[in-house]
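# Structural overview
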Amino acid sequence: MKTPGQGLTREEILHEMGFAPLWRLRTPLAANPPGAAGQPALAAPGEVTADTSSSGEAAPGAAEAGRAARIAHMDWPELQASVAACRACQLCSERRQAVLGVGDVHADWLFVGEAPGAEEDARGEPFVGPAGKLLDAMLAAIDLRRGDDVYIANAVKCRPPRNRTPEAGEMAACAPYLQRQIALIQPRLIVLLGRAAAQALLGEIGPLGSLRGRSLSFSPPDGSARPIPLVVTYHPAYLLRTLPDKAKAWEDLCRARALMRTLQ
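Let me begin by describing the structure that accompanies this report. (Residues numbered from 1 in each chain as written. Predicted model: local features only at pLDDT ≥ 70, side-chain atom pairs only at ≥ 80, totals over all residues. Heavy atoms only, no water.)

Right, let's talk about the overall build of the protein for a bit. A tally of regular secondary structure across the protein gives nine helices and six strands. Of all 264 residues assigned to the protein, the portion counted as buried reaches 43%. Counting only contacts in the protein whose residues sit at least 6 apart along the sequence, the fraction spanning at least 24 positions is 69%. Accessible surface computed for the protein: about 13800 Å², of which carbon and sulfur atoms make up 55%. (Helix = DSSP H or I, 4+ residues; strand = E, 2+ residues; numbered from the N terminus. Buried < 20%, exposed > 50% of the residue type's maximum accessible area, 1.4 Å probe, protein only. Contact = heavy atoms within 4.5 Å. Areas by Shrake-Rupley, 256 points an atom, 1.4 Å probe, with all protein chains shown as cover.)

Another aspect to go through is the environment of Leu230. Locating Leu230 in the fold gives a position in strand S6 (residues 228-233). The sequence separation of Leu230 and Ala256 amounts to 26 residues, and the corresponding C-alpha distance is 8.5 Å.

A separate point is the sheet that holds strand S4 (residues 189-193). Reading across from one edge, S1-S3-S2-S4-S6-S5 is the order of the six strands in this open sheet, with mixed pairing throughout. If you trace the sheet from one side to the other, it starts and ends with strand S1 (101-103) and strand S5 (216-218), each paired once. Going from strand to strand, the sheet's axes swing by 25 degrees on average, the running direction of each strand aside. Pairing geometry for S4 and S6, over four bridges, is parallel. Bridge pairing links Val191 to Val231 in S6. (Pairing = 2+ DSSP bridges. Axes fitted to C-alpha atoms, helices over the stretch in contact; angles between N-to-C directions.)

Looking now at unusual backbone geometry. Even without being a glycine, Asp143 presents a positive backbone phi close to 65 degrees. Relative to the helices and strands, Asp143 resides in the loop between helix H5 (129-141) and strand S3 (150-154). Phi is positive for Arg162, close to 60 degrees, though the residue is something other than glycine. Tracing the chain through its elements places Arg162 in the loop between S3 and helix H6 (168-185).

It is worth spelling out the nonpolar core at this point. Across soluble globular proteins, you tend to see nonpolar side chains buried next to one another. The biggest cluster of nonpolar side chains holds 62 residues, and the ones touching the most others in it are Trp109, Phe111, Ile190 and Leu192. Of the residues forming this core, the biggest block, eight residues, is contributed by H6. Among residues more than four places away in sequence, those in contact with Trp109 are Ile142, Leu144, Asp149, Val150, Tyr151, Leu189, Val191, Ala256, Arg257 and Met260. (Core = buried A, V, L, I, M, F, W, Y, C linked by side-chain atoms within 4.5 Å.)

The terminal C-alpha atoms of H5, which comprises 13 residues, lie 19 Å apart, in line with the 18 Å expected from a rise of 1.5 Å per residue. Three or more residues of H5 are buried, namely Gly129, Ala131, Gly132, Leu134, Leu135, Met138 and Leu139. On its buried face, H5 sits against strand S2 (109-113), helix H4 (118-123), S3, S4, helix H8 (236-241) and helix H9 (246-263). Backbone geometry just downstream of H5 places Asp143 in the positive-phi region, at approximately 65 degrees. (Expected span 1.5 Å × (residues − 1).)

Packed helices, taken two at a time, are described by their axes: the angle between them and the distance between them. For the pair helix H2 (residues 62-71) and H6, the least separation of the axes is 9 Å and the interaxial angle reads 20 degrees. In terms of axis orientation, H2 runs roughly parallel to H6. Considering the relative orientation of H2 and H6, their crossing is right-handed. Residues Glu64, Arg67, Ala68 and Ile71 of H2 pack against Ala173, Pro176, Tyr177 and Arg180 of H6. Residue composition of the contact of H2 with H6, grouped by class: five nonpolar, no polar and three charged. (Parallel < 35°, antiparallel > 145°, perpendicular 65-115°, else oblique. Left-handed = near helix turned anticlockwise from the far one by under 90°. Nonpolar A, V, L, I, M, F, W, Y, C, P; charged D, E, K, R; others polar.)

A separate point is the pattern of salt bridges. All chains considered together, the criterion is met by 12 salt bridges. Glu64 is the salt-bridge partner of Arg67, the closest N and O atoms lying 2.8 Å from each other. Note that Arg67 and Glu64 are positioned in helix H2 at a spacing of three residues, about one turn of the helix. Since its relative accessible area comes to 14%, Glu64 is described here as buried. Across the salt bridge formed by Asp108 and Arg188, the nearest N and O atoms sit 3.3 Å from each other. Taken together, the residues Asp108 in the loop between S1 and S2 and Arg188 in the loop between H6 and S4 connect sequence positions 80 residues apart. For Asp108, a relative accessible area of 18% puts it in the buried group. Judged by its relative accessible area of 32%, Arg188 falls in the partly exposed class. (Salt bridge = Lys/Arg side-chain N within 4 Å of Asp/Glu carboxyl O.)

Structure below.
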């Protein structure tokens, strides 16, 4: 063993202290943003993974930006495969399957809900069961039907435990998928069903009731397309529990239908 004055390297000092083997970052520290020490290396091209924090939220920084950039160039088959394999938040640990969406991929109407429930998780399709039946009735009331000029998606693609409301970090992890769906579909109008769906596209918001009847729009983050008008209304599952608000939802649907007529 060398004495302290003989120019020991850092590795030799740590070895003599019993700290071995050594762990090394796979990318230089300079590739990570300030405050992101210990953040793993960027995923290889085509790899469908993202790191998570202890709270289950997607880790910020270069890895997440790279993941979002890859998703932004996917076609439908690639998007489906990526969602099915996604490990970007802890919701993947309890899902049966991820639920991308269903319907006409060139639809004028895009309806966005919150997250899959138990039946959606089992069947791989959004809005099935009682809430799905009510949504189908809502569509029929304005002369629409599932799959015919209508696409249905959720802000979050995996079922939260016990059907709880999706958390902000979970919605952030799924945001690139929803944004890519919007870019591929290019709908004329988006109807947001519930507060979580509104938060996914509008950011942190107040009570859902305060958004009803307002002129709102979604602008693609890269500015590559025109802003898309938004209509906010109640989630069908909420309406099943709160029957008096069905009249308000009907008002919102009538407004959406009138708005669509001006857009066509």
